[in-house]
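As a plain string of letters, each chain reads:
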Protein chains: 2
Amino acid sequence: MSGMILISSRDNPHIKAALKDTSETFLLEGFRLCADALASGYAPEKLFLTAQARERYPTAPLEQAAAQVFEITQPVAQKLGDTQNPQGAFGVFLRQNGKAQDFWKPSGNYIALEKIQDPGNLGGIARTAQALGLDGLLVCGGCDVYHPKALRASMGALLRLPVTQVDNLPAALRECALPCYAAVPDRDATPVFQCDFAQGAVIVIGNEAHGLSEEALNACKHKITIPMPGSAESLNAAVAAAILMWELRH
Amino acid sequence: MSGMILISSRDNPHIKAALKDTSETFLLEGFRLCADALASGYAPEKLFLTAQARERYPTAPLEQAAAQVFEITQPVAQKLGDTQNPQGAFGVFLRQNGKAQDFWKPSGNYIALEKIQDPGNLGGIARTAQALGLDGLLVCGGCDVYHPKALRASMGALLRLPVTQVDNLPAALRECALPCYAAVPDRDATPVFQCDFAQGAVIVIGNEAHGLSEEALNACKHKITIPMPGSAESLNAAVAAAILMWELRH
């Protein structure tokens with residue numbers, strides 16, 4: 001691109017702005033994630049590329065789609081980057097927040113997360129959800145779905161999967177016409193392998209340490225659990241979610 | 001303990017020795033993990049405790065079992081510690097390597113790992129294996145089962161579960177009388193939900209990037225896979241292992 005502006009100062013206002021979280025935009029690092037976002041319909045507002053990145057990756061479609069493209073130096077890439085060896089490709093994209101009413105499909109299979117804190121868990125759950133063919137992911141509170149570590153852990157699944165963030169999980173669950181299953185550690189809840197998910201379902205998973213809120217529990221018709229022979233043992237949140245999603249799909 | 005030796009130098013030879021990996025011993029950090037190791041039959045060679053840790057935790061059983069007990073200062077704890085805020089409790093324990101022939105139980109359920117590299121994956125798989133009630137974990141190559149990050153990710157399961165490390169995985173699989181199932185990404189392998197594991201089984205999982213070696217594949221009678229609707233998608237190794245172990249147990 002001719003006449004591309006070169007940014008060589010780490011204090012450049014475009015760089016400072018890109019690093020700020022806003023309610024309208026998010027920053028993506030890495031060529032593959034930026035290309036994934038573009039392919040999933042996210043609009044790039046700004047693109048920051050080192051000369052090396054422009055040589056190494058096929059950045060033309062991203063450059064054409066972006067409202068503004070900047071060339072950056074290696075030190076600026078290091079400032080923008082969350083990883084030790086940044087690829088030198090960054091994009092500021094417009095957030096999307098699908099409306100909950102367009103989200104639900106009849107007989108669909110969904111997972112809903114209440115206040116999942118760890119970006120690795122959120123990303124890991126999204127990755128599994130997409131691999132197992134779920135229809136969407138509903139997120140309420142906790143880690144932002146555009147958190148850089150969550151996006152990386154998801155291998156881009158958070159951008160490809162239908163994802164909706166809501167403020168009021170019980171209201172969203174009551175609106176949808178699907179049966180809702182609260183995942184709980186109670187031994188008297190229904191073992192997940194006894195559930196019949198043929199009509200579709202929403203499986204609702206709570207915070208890593210505190211589980212589901214009373215309000216979310218009350219919005220679910222069923223309580224399900226993963227039976228564990230070891231009494232003192234527990235499963236990691238992403239692993240528990242994976243087993244529940246696997247049962248939902250089989 | 002009266003007459004306990006105080007170590008206040010980060011260069012003390014006991015500290016340097018504790019930080020060295022040996023084929024006979026391993027270093028554990030944290031009171032809970034040390035207590036887990038003792039309860040699982042591991043013998044503490046040396047114990048390193050800050051005065052604060054001795055006040056905060058019930059360390060008496062560990063101190064009685066240890067061949068040597070040292071009091072350490074906070075800077076020494078920081079040197080020994082792998083975490084940002086060390087609890088001030090460390091133990092050097094004798095490694096155990098159960099013999100493969102004592103390991104297998106008739107109709108038992110096992111998982112075997114070939115060259116799993118990531119400590120978080122190894123620990124996560126052990127945690128899930130114990131929670132789901134597997135009979136043991138066979139490890140060949142890759143991450144050491146006494147790697148501090150693996151032990152932490154396992155929440156102590158690597159110390160509580162029967163674990164055997166072997167150099168020759170195909171030989172170990174041929175020796176055991178159980179049917180062996182190689183986990184592969186091939187679409188023509190048997191979907192895991194079609195397998196009948198009633199006679200017990202060993203599920204064999206390969207390296208995160210390269211999968212199973214030819215030799216390991218040849219030592220397995222069956223090839224199984226986790227069907228995924230999304231063609232370009234993949235599961236994290238710990239999640240794939242969790243789904244396979246869940247099917248093995250249900």
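Remember, predicted model here, so these are calculated numbers, not experimental data.

The rules we used
- Residues numbered from 1 in each chain as written.
- Chains lettered and ligands numbered in written order.
- Predicted model: local features only at pLDDT ≥ 70, side-chain atom pairs only at ≥ 80, totals over all residues.
- Heavy atoms only, no water.
- Helix = DSSP H or I, 4+ residues; strand = E, 2+ residues; numbered from the N terminus.
- Buried < 20%, exposed > 50% of the residue type's maximum accessible area, 1.4 Å probe, protein only.
- Contact = heavy atoms within 4.5 Å.
- Phe/Tyr/Trp six-rings, centres within 6.5 Å; stacked < 30°, edge-to-face > 60°.
- Core = buried A, V, L, I, M, F, W, Y, C linked by side-chain atoms within 4.5 Å.
- Disulfide = S-S within 2.5 Å.
- Pairing = 2+ DSSP bridges.
- Axes fitted to C-alpha atoms, helices over the stretch in contact; angles between N-to-C directions.
- Least-squares fit on C-alpha atoms with pLDDT ≥ 70 in both.
- Salt bridge = Lys/Arg side-chain N within 4 Å of Asp/Glu carboxyl O.
- Buried area = accessible area lost by both parts, 1.4 Å probe.
- Polar contact = N/O pair within 3.5 Å; in protein donor to acceptor, adjacent residues only side chain to side chain.
- Parallel < 35°, antiparallel > 145°, perpendicular 65-115°, else oblique.
- Left-handed = near helix turned anticlockwise from the far one by under 90°.
- Nonpolar A, V, L, I, M, F, W, Y, C, P; charged D, E, K, R; others polar.

Caption draft 1: View of the overall build of chain A. In terms of helices and strands, chain A carries 12 helices and 12 strands. Counting only C-alpha atoms, chain A reaches 65 × 40 × 30 Å along its principal axes. For chain A, the residues scored as buried account for 54% of the 250 residues in total. Relative to all contacts within chain A whose residues are 6 or more apart in sequence, the contacts with residues 24 or more apart total 77%.

Caption draft 2: Region of the structure containing the packing of aromatic side chains. By the definition in use, this model includes 22 aromatic pairs over all chains. Where A:F193 meets B:W246, the ring centres are 6.2 Å apart and the plane angle is 40°; that geometry is what we call tilted. Of this pair, A:F193 sits in the loop between β10 (190–191) and β11 (201–205) while B:W246 sits in helix α12 (residues 237–249), on two different chains. Taking relative accessible area as the criterion, A:F193 reaches 37% and is therefore assigned partly exposed. Owing to a relative accessible area of 0%, B:W246 belongs among the buried residues under this scheme. Ring pairs connect the aromatic residues A:F26, A:Y42, A:F93 and A:Y146, which therefore count as one cluster.

Caption draft 3: Structural context of the nonpolar core. Ranked by internal contacts, the top residues of the largest apolar core, which has 119 residues, are A:L137 and B:L137. Every residue in contact with A:L137, bar those within four places of it in the chain, is listed here: A:F103, A:I111, A:L113, A:I125, A:A126, A:L158, A:L161, A:P162, A:V163 and A:T164.

Caption draft 4: Quick look at the state of the cysteines. This structure, assessed with the given rule, holds 0 disulfides over all chains. Left unpaired, B:C140 is separated from the closest cysteine sulfur, that of B:C220, by 12 Å.

Caption draft 5: The sheet that holds strand β1 (residues 5–7) of chain B, seen in detail. All names here are of chain B. Here we have 5 strands laid out as an open sheet, ordered β1-β4-β3-β5-β2, and mixed in their pairing. Strand pairing shows two members of the sheet lacking a second neighbour, β1 and β2 (25–29), which therefore form its edges. Within this sheet the neighbouring strands show an average axis-to-axis angle of 25°, counted without direction. Sheet topology note: the β2/strand β5 (residues 89–94) ladder contains 5 bridges and is antiparallel.

Caption draft 6: Seen up close, the relation of the copies chain A and chain B. Overlaying chain A with chain B gives an RMSD of 0.0 Å, the required rotation being 180° about an axis along which the chain moves by 0.0 Å. Those values place the two copies in the arrangement expected of a two-fold rotation axis.

Caption draft 7: Quick peek at the pattern of salt bridges. Taken as a whole and assessed by the stated rule, the structure comprises 12 salt bridges over all chains. In this structure, A:R95 engages A:D144 in a salt bridge whose closest nitrogen and oxygen atoms are separated by 2.9 Å. One end of the pair, A:R95, is in the loop between β5 (89–94) and α6 (100–103); the other, A:D144, is in the loop between β7 (136–140) and α8 (148–153), with 49 residues separating them in the sequence. Under the relative-accessibility criterion, A:R95 is labelled partly exposed at 21%. The salt bridge partner of B:R160 is B:D36, with a shortest N-O separation of 2.8 Å. Residue B:R160 is found in helix α9 (residues 157–160), and its partner B:D36 is found in helix α2 (residues 31–39); the two are separated by 124 residues along the sequence. Ionic contacts of the salt-bridge type, sharing partners, join the residues A:R32, A:D36 and A:R160 into one network.

Caption draft 8: Up close: the interface of chain A and chain B. Chain A puts 25 residues into the contact, and the matching count from chain B is 25 residues. Contact with chain B buries area across many residues of chain A, yet A:R127, A:A131 and A:W246 alone supply 28% of it, more than any other trio. The interface formed by chain A and chain B holds 0 salt bridges in total. Where chain A meets chain B, there are 6 residue pairs in polar contact (both at pLDDT 80 or more). Taken together, the elements giving at least two residues each to the side of chain A that touches chain B come down to α7 (119–131) and α12 (237–249) of chain A. Looking at the side of chain A that touches chain B, the element that brings in the most residues is α12(A), giving 6 residues.

Caption draft 9: Quick peek at the packing of α7(A) against α12(A). Residue and element names in this part refer to chain A. It is the contact of α7 with α12, at a shortest axis distance of 9 Å, that shows an interaxial angle of 20°. Overall, the two elements α7 and α12 adopt an arrangement that is roughly parallel. As α7 packs across α12, the resulting crossing turns out to be right-handed. Seen from α7, the contacting residues are N121, I125, T128 and A129; seen from α12, they are A237, A238, A241, A242 and M245. For the contact of α7 with α12, the residue count by class is 7 nonpolar, 2 polar and no charged.

Caption draft 10: Broad picture of the pairing of β2(B). For β2(B), the buried fraction is high: 5 of the 5 residues fall into the buried class. Where burial is concerned, the two faces of β2(B) agree: the one with B:T25, B:L27 and B:E29 and the one with B:F26 and B:L28 are both buried.

Caption draft 11: Main features of the sheet that holds strand β6 (residues 109–114) of chain B. All names here are of chain B. Pairing in this open sheet of 7 strands is parallel, and the strands run β8-β7-β6-β11-β9-β12-β10 from one edge to the other. The sheet is open, and its two edges are formed by β8 (163–165) and β10 (190–191), each paired on a single side. As defined by bridge partners, strand β9 (residues 180–183) adjoins strand β12 (residues 222–225) across 3 bridges and the pair is classed as parallel. Each residue of the ladder has a partner; that of Y181, found in β12, is H222.

Caption draft 12: A look at the pairing of strand β9 (residues 180–183) of chain A. Pairing of β9(A) with β11(A) involves 3 bridges; the strand directions are parallel. Within β11(A), the residue paired with A:Y181 across the bridge is A:I203.

Caption draft 13: Geometry of helix α2 (residues 31–39) of chain A. Every buried residue of α2(A) is listed here: A:F31, A:L33, A:C34, A:D36 and A:A37. For α2(A), the elements touching its buried residues are β2 (25–29), α4 (60–65), β5, α8 and α9 (157–160) of chain A.

Caption draft 14: Structural detail: unusual backbone geometry. In the Ramachandran plot, A:S107 falls in the positive-phi region, its phi being about 60° despite a non-glycine side chain. Secondary-structure assignment places A:S107 in the loop between α6 and β6 (109–114). Non-glycine residue B:M155 carries a positive phi angle of around 55°. Within the secondary structure, B:M155 sits in the loop between α8 (148–153) and α9.

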